[in-house]
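# An overview of the molecular structure
Each chain, written out:
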Amino acid sequence: MRIPLDRQSEIPVYEQIEKTLRKNILSGNLAPETRLPGTRTLAEELGVSRITVKNAYAWLESDGLIATRAGSGTYVLAQEEIGAVPKLDKTIPWPLWQQQFYREEPPPVGPARPQRDRLQLIQFTGVGDPDQFPLRDFTKSLLAVLRRDGVAALEYGDFNGGHLPLRRTIAHILASQGIQARPENILVTSGSQQALSLICQVLLKAGDVILVEKPTYNFALELFRDLGYIVEGIPIDGNGMRVEDLELLLQQAHPKLIYTIPNFQNPSGVCMSSPRRRQLLALSDRYNIPILEDDFAGDLRYDGRTQPAIKGLDNGGRVIYTGTFSKMLMPGLRMGFLLADGPIFARLVEHKRVHDLATSSLLQRTLDEYVTVGRYQAHLRRSCRVYSKRREAMLAAIGRHLPKEVTVDPPQGGLFIWLRLPEGIPSPELLEAALEEGVEFAPGTRFFPDPAEGERYLRLNFATQPPENIEAGIRRLGKAMKYKGVSSDHW
Ligand code: PMP
């Protein structure tokens, strides 16, 4: 047992031992029924006399924190306050270096809390529906891997890109999407968020400009801000990024990277048209700027024609592609990947290795076992069936319960419906009223480099809730809009 002792201190050693044990018992770190070391053992470990330890134990015993049981040992007793970590002593100021981290404002993004608890909150946020996660099959795969690979599954694994069989499997999946990928060019990452972070850190430094769609994925925006980049936005329309507007910006802003989500964009749900994909690639070539293609949900198509991946059109290492198993399987896997050709690949592998050594070998093996037995495709088909019904349910509910001035562009896949509000109700304000009614959405302000531009938008995730909740949730949203004075003759 590690108990820090200060032998120069005026506080007697027995009291120091007693205080440390007391703190750990009251905070729950030492759980009830934990057996404490015998007095002789602890005295030897700490280099103190046995009587010192006995004194410390006696104080704790007299306060009802521990009990000695004859012939058995000394045990921690259950406390009413167990689990409550003692409050920090506010009279001791934080060290100076901590003070730079003070934040006046709460973090810009964070889960909003419902203000009314009599209603169960219906959340149109998050990723997929946990009820759709393939729990049973995945458990079987996990056990199969442990039985098959034994301790090899518990090593760090391959530092040079990840578990090779999984990279082969990913290459097969990509081939079915028209992307010719060699396993040697695939790096398995801890979610595609890590892939975004690695790519940016290798290509950009603080103060560099990154181009993004406007709106774009909120946690990419947060990442770019955190890394100190200047974020410039290019507007989108029903065909994705307005690539026509791009050239001028490339000339003026000299960006180091173009970040795009061409399929079922987060948050707008739109897909970039094929001509624009080609045009974007041509511009990247002409201006010598890499493209980061984030294909987070490209497989979740419910109708319409598939567009070629920009990476699939690239034959010269201009595009770095990222994908994830978070949306198609489950986000808690933290399993994503990047595909990069050319000398940058080795640099990305090295960057990943020095920053987090490796992505869980056990989970990589399990994912590979799960995917190769063909369940992945079946699971994907099932998810598409379920989610497309939910999309229909949400569009119908919007038609029934929201004012006619609210406009949406029905997405052909993915997870999101992007809603444009009539003038006059900023979406963060509407969120407050919506939470009161028991429904949560993501306000548009989170998705723009300049948050004010997002005030008239909100994002609804239709995939997370079953149809009956979708109906109830959109009805609640309608009520919140009414309350916020979205007056309309068209209700
Ligand atoms: N890209 C987009 C567009 C996303 O929406 C997300 C997660 N919501 C990610 C990347 C990162 O996902 P993950 O790290 O779970 O793979």
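As shown above, the structure is provided for reference.
So, how was this worked out
- Residues numbered from 1 in each chain as written.
- Predicted model: local features only at pLDDT ≥ 70, side-chain atom pairs only at ≥ 80, totals over all residues.
- Heavy atoms only, no water.
- Helix = DSSP H or I, 4+ residues; strand = E, 2+ residues; numbered from the N terminus.
- Expected span 1.5 Å × (residues − 1).
- Buried < 20%, exposed > 50% of the residue type's maximum accessible area, 1.4 Å probe, protein only.
- Lys, Arg positive; Asp, Glu negative; His and termini not counted.
- Salt bridge = Lys/Arg side-chain N within 4 Å of Asp/Glu carboxyl O.
- Polar contact = N/O pair within 3.5 Å; in protein donor to acceptor, adjacent residues only side chain to side chain.
- Contact = heavy atoms within 4.5 Å.
- Pairing = 2+ DSSP bridges.
- Axes fitted to C-alpha atoms, helices over the stretch in contact; angles between N-to-C directions.
- Core = buried A, V, L, I, M, F, W, Y, C linked by side-chain atoms within 4.5 Å.

### Focus: helix H6 (residues 164-176)
Over its 13 residues, H6 extends 19 Å from the first C-alpha to the last, a length consistent with the 18 Å expected when each residue adds 1.5 Å. Restricting attention to buried positions, one finds in H6 the residues Leu166, Arg167, Thr169, Ile170, Ala171, Ile173 and Leu174. Once H6 ends, the next one or two residues include Gly178, with phi positive near 80°.

### Observations concerning the side chain of Glu440
Its place among the elements puts Glu440 in strand E15 (residues 439-440). Buried Glu440, no salt bridge; nearest opposite-charge side chain is Arg446, N-O distance 5.3 Å. Side-chain polar atoms of Glu440 contact the side chain of Gln123, separated by 2.9 Å.

### Concerning the environment of Phe133
Within the secondary structure, Phe133 is located in the loop between strand E4 (122-123) and helix H5 (135-149). Once the C-alpha coordinates of Phe133 and Lys327 are considered, the two residues, 194 residues apart in sequence, prove to be 9.8 Å apart. Setting aside residues up to four positions removed in sequence, Phe133 forms contacts with Leu329, Met330 and Pro331.

### Topic: the sheet that holds strand E2 (residues 66-69)
Read from one edge to the other, the open sheet built from three strands follows the order E1-E3-E2, with strand pairing classed as antiparallel. Each edge of the open sheet is held by one strand with a lone partner, namely strand E1 (35-36) and E2. Across two bridges, E1 lies against strand E3 (residues 73-76) in antiparallel orientation. Bridging across to E3, Leu36 finds its partner in Thr74. Sitting on the sheet, helix H3 (residues 50-62) is in contact with E1, E2 and E3, with an inclination near 110° to E2.

### Considering the nonpolar core
Of all hydrophobic cores here, the largest spans 91 residues; its most connected members are Phe224, Tyr259, Phe325, Leu460, Ile474 and Leu477. The leading source of residues in this core is helix H14 (residues 375-401), at nine residues. Those residues in contact with Tyr259 that lie beyond four places of it in its chain are Leu196, Ile210, Leu211, Val212, Glu213, Thr216, Tyr217, Ala220, Phe224, Met241, Leu292 and Asp294. The next biggest cluster of nonpolar side chains, apart from the first, holds 17 residues, and it includes Ile3, Leu36, Val53 and Val76.

Treat this as a map of the structure, not an account of what it does.
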